[in-house]
Amino acid sequence: MEQVTLKIKYHSSEIQKLDYIDGKSDWIDLRSAENVTLKKGEFRLISLGVSIQLPRGYEAVSVPRSSTFKNFGIIQTNHMGIIDETYCGDHDVWMMPVYALRDTQIKINDRICQFRIQKHQPRIVFEEVDELGNPDRGGIGSTGRM
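The sections below set out a description of the structure shown in this document. (Residues numbered from 1 in each chain as written. Predicted model: local features only at pLDDT ≥ 70, side-chain atom pairs only at ≥ 80, totals over all residues. Heavy atoms only, no water.)

### So, the sheet that holds strand β2 (residues 28–31)
For clarity, the threshold we go by: Two strands qualify as a pair provided DSSP detects at least 2 bridges between them. Secondary structure follows DSSP: runs of H or I at least 4 residues long count as helices, runs of E at least 2 residues long count as strands, and numbering of each begins at the N terminus. For helices, the axis comes from a line fit to the C-alpha atoms of the stretch in contact; other axes are also lines fit to C-alpha atoms, and the angle between any two N-to-C directions lies between 0 and 180 degrees.
The strand order β2-β11-β6-β8 describes an open sheet built from four strands, whose pairing is antiparallel. Each of the sheet's edge strands pairs with one partner strand only, and the pair in question is β2 and β8 (81–84). Going across the sheet, the axis of each strand differs from the next one's by a mean of 30°, ignoring polarity.

In structure tokens form, the structure reads like this:
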């Protein structure tokens, strides 16, 4: 398996160092680097307390953890964050843009999202055809339905 080294600057000594999720996944948890109180309907950028230099040709994908809405009543406003390798300065702190669907409190070190890195998509060329020549699956939402 390929190994990639990421340079990381921590902006808080209170958050735990980044590591894989309990050794079970190749996603890495990100933690709130600040105490946050939100009222229902409020928006906030929550600091994740890190700046990371990604290798050239890579980007990071950031998404909420599966328990984030249940535990905190927040959703990530862009649903999925993309951080490219040019966002790599000392003050380019990773953030999570959230919207509160209920009054909530998030504490320093609460795990609120997760990320992984991936190589950039290759250049795509579209070839227009009259038919694809494959069997149809029945359309969106039809799997498993009679």
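### Side note on the pairing of strand β6 (residues 58–64)
Along any regular strand the residues' side chains alternate between the sheet's two faces. What counts here: Only protein chains enter the calculation, and the probe is 1.4 Å; a residue is then buried if its accessible area is under 20% of its type maximum, exposed if over 50%, and partly exposed in between.
Burial of β6 is extensive: six of the seven residues sit out of reach of the surface. The pairing of β6 with β8 spans four bridges and is classified as antiparallel. Paired with Ala-60 across the strands is Ile-83, a residue of β8.

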